[in-house]
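Spelled out, the chains give:
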Amino acid sequence: MCFTADEALFLLENDFDDLLMGYPVVDKGQIESLIPHLKAGKELVFMVDLVEHLQLLDSIGQSSEFTFDVCIDIDMSSTYPGLHFGVRRSSIRNEASLQLLLNALNGCPALKLRGIMGYEAQVAGLGDANPNQKLKSRVIQYLKKRSVNEFSERRKKAVDLIRKNGFEIDLVNGGGTGSIESTIEEPWVSEVTAGSGFYAPHLFDYYIRFRHLPAAAYAVQIVRRPSKNIYTCLGGGYIASGGIEAEKAPIIYLPEKARLDKNEGAGEVQTPVFYDGNINLNIGDPIFLRHSKAGELCERFNELYLISGNEIVDVVPTYRGEGKCFL
Ligand SMILES: Cc1ncc(COP(=O)(O)O)c(C=O)c1O
């Protein structure tokens with residue numbers, strides 16, 4: 001799965017040959033730039049949920065004599081009195097809106113429906129077993145359970161309706177890191193997407209259904225010591241996107257029991273660390289932190305060091321290291 005058309009182009013130019021666009025592309029030039037690769041046999045499925053998405057792709061397809069593969073994004077959020085539990089993305093919320101889009105698809109000769117995607121972000125990205133927030137975690141567990149039942153039924157009904165309309169589909173995508181366990185329980189789901197989970201960042205530390213081993217950290221260097229137990233490091237403020245709750249900030253990984261200053265947190269230029277443990281910390285030493293989600297580290301660093309045991313076994317560039325900025 002990829003995010004923007006420019007990212008898809010970069011991946012197609014670099015030997016990837018089977019991509020799903022996670023988001024709609026509405027830029028004509030960007031869509032056209034992908035066509036030579038698709039005509040050469042590479043696979044890319046465009047994401048749609050509005051008639052406008054269909055019309056744009058269909059008109060480009062007709063004038064380029066090419067048939068685009070498309071996937072319909074189905075809304076997986078739940079609405080409870082006074083609470084929208086989920087994200088605001090697709091307009092396809094029920095069978096009636098799906099039927100309208102299927103009718104429109106029937107009038108698009110340059111499009112082929114490959115399947116559906118449903119991204120259950122309220123399950124995938126929301127922790128539900130935080131030991132410091134027991135009551136809130138209970139409420140989230142309850143809401144998630146209700147929501148999973150509701151949207152898995154919705155996903156199944158969508159697949160049934162599409163097949164009833166005579167479309168043959170082979171793609172039913174779901175998930176995100178925090179919902180893998182529940183999404184794979186749906187027999188009609190053919191694939192699950194996970195991104196953040198490869199790093200196991202700290203947002204995923206407290207989920208009731210899994211426990212991942214932390215897999216990514218970054219180091220900042222102690223450059224100052226404003227008082228006895230305070231070690232101030234250079235840089236460090238790599239914050240996750242989305243709603244700006246405290247959990248989007250990094251946490252200290254090592255040394256154990258070191259903590260951030262509540263007033264300053266992890267800052268763009270400096271990060272003060274409180275520590276009164278047994279390890280002798282000196283100017284120049286590293287403090288290790290873990291980021292919250294997935295993208296923030298790769299936005300800030302050119303390279304990732306891959307470590308096995310105590311050894312660096314490889315160094316790989318991030319998109320930033322490749323000189324790429326896709327949005
Ligand atoms: C549509 C969609 N599916 C799946 C994912 C993967 O989620 P995660 O990074 O939590 O694994 C994302 C992440 O942004 C997404 O946008």
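Cut-offs and rules
- For every chain, the first residue of the written sequence is number 1, and numbering continues from 1 along that sequence.
- Two thresholds apply to this predicted model, a pLDDT of at least 70 for residue-level local features and 80 or more for giving and counting side-chain atom pairs, whereas whole-chain, interface and lining totals are computed over all residues.
- To obtain the side-chain values, all non-hydrogen atoms of the structure were used and water was disregarded.
- Numbering of helices and strands runs from the N terminus; a helix is a DSSP stretch of H or I covering at least four residues, while a strand is a stretch of E covering at least two.
- Think of a polar contact as two N or O atoms within 3.5 Å of one another; within protein, one of them needs to be a possible hydrogen donor and the other a possible acceptor, and neighboring residues in sequence only count if both atoms come from side chains.
- In this text, near means that some heavy atom of the residue lies within 4 Å of the molecule or strand in question.
- Computed by Shrake-Rupley with a 1.4 Å probe, the accessible areas treat only the displayed protein chains as cover when residues are assessed.
- Asp, Glu, Lys and Arg are counted as charged, while Ala, Val, Leu, Ile, Met, Phe, Trp, Tyr, Cys and Pro are counted as nonpolar; the rest, among them Gly, fall into the polar class.
- The split into domains, and so the bounds of each, comes from an automatic or database assignment of domains.
- In this analysis, a patch consists of residues with relative accessible area above 30% that form no salt bridge, clustered at 9 Å for like charges and at 5 Å for the nonpolar side chains Val, Leu, Ile, Met, Phe, Trp and Tyr.
- The salt bridge criterion pairs a side-chain nitrogen of Lys or Arg with a carboxyl oxygen of Asp or Glu, the two atoms within 4 Å.
- Strand pairing follows a simple DSSP-based rule, namely that at least 2 bridges must link the two strands.
- Residues count as neighbours in contact if any of their non-hydrogen atoms are within 4.5 Å of one another.
- Here an axis means a line fitted to C-alpha atoms, over the contact stretch when the element is a helix, while the angle between two N-to-C directions is reported on a 0 to 180 degree scale.

## Details of the side chain of Asp-69
Working step 1: Within the secondary structure, Asp-69 sits in strand β3 (residues 68–73).
Working step 2: In terms of polar contacts, Asp-69 uses its side chain to reach the side chain of Arg-114, at 2.8 Å.

## Some remarks on the site of the ligand
Working step 1: Taken together, 13 residues lie around the ligand, and Tyr-23, Gly-175, Thr-177, Gly-195 and Ser-196 are the ones closest in.
Working step 2: Tyr-23 is positioned with one of its side-chain polar atoms (N or O) 2.5 Å from an oxygen atom of the ligand.
Working step 3: Gly-195 is positioned such that a nitrogen or oxygen atom in its backbone is 2.7 Å from an oxygen atom of the ligand.
Working step 4: Compared with its free state, where it exposes 390 Å², the ligand has 82% of that area covered by protein.
Working step 5: Partitioning the shell around the ligand into residue classes produces six nonpolar, six polar and one charged.

## Looking at the domain arrangement of the protein chain
Working step 1: On domain assignment, one finds that the protein chain holds domain 1 (5–198) and domain 2 (218–317).
Working step 2: Using only C-alpha atoms to locate each centre, domain 1 and domain 2 end up separated by 35 Å.

## Remarks on a nonpolar patch on the surface
Working step 1: A cluster of nonpolar side chains, namely Tyr-305, Ile-307, Ile-312 and Val-315, defines an oily patch on the protein surface of about 410 Å² accessible area.
Working step 2: Secondary-structure assignment places Tyr-305 in strand β15 (residues 303–308).

## Description of the sheet that holds β3
Working step 1: The strand order across the open sheet built from six strands is β1-β2-β3-β6-β7-β8, with neighbouring strands paired in parallel fashion. Looking at strand neighbours, the two that pair on one side only are β1 (18–20) and β8 (191–192), the edges of this open sheet.
Working step 2: Seen against the sheet, helix α2 (residues 28–39) touches β2 (43–48) and β3 and runs at an angle of roughly 150° to β2.

## Things to note about the sheet that holds strand β13 (residues 270–274)
Working step 1: On the basis of which strands lie adjacent, the open sheet formed by six strands has the order β11-β14-β9-β10-β13-β12 and antiparallel pairing. Edge strands, defined here as strands with exactly one partner in the open sheet, are β11 (251–254) and β12 (259–260).
Working step 2: Bridging between β11 and strand β14 (residues 286–290) involves three bridges; their strand directions are antiparallel. Each bridged residue has a counterpart across the sheet, and for Ile-251 the counterpart in β14 is Arg-290.

## Considerations on the environment of Glu-264
Working step 1: By the element assignment, Glu-264 lies in the loop between β12 and β13.
Working step 2: Between the C-alpha atoms of Glu-264 and Asn-130, which are 134 residues apart in sequence, the distance is 23 Å.
Working step 3: A distance of 3.1 Å separates a polar atom in the side chain of Glu-264 from a polar atom in the side chain of Gln-270.

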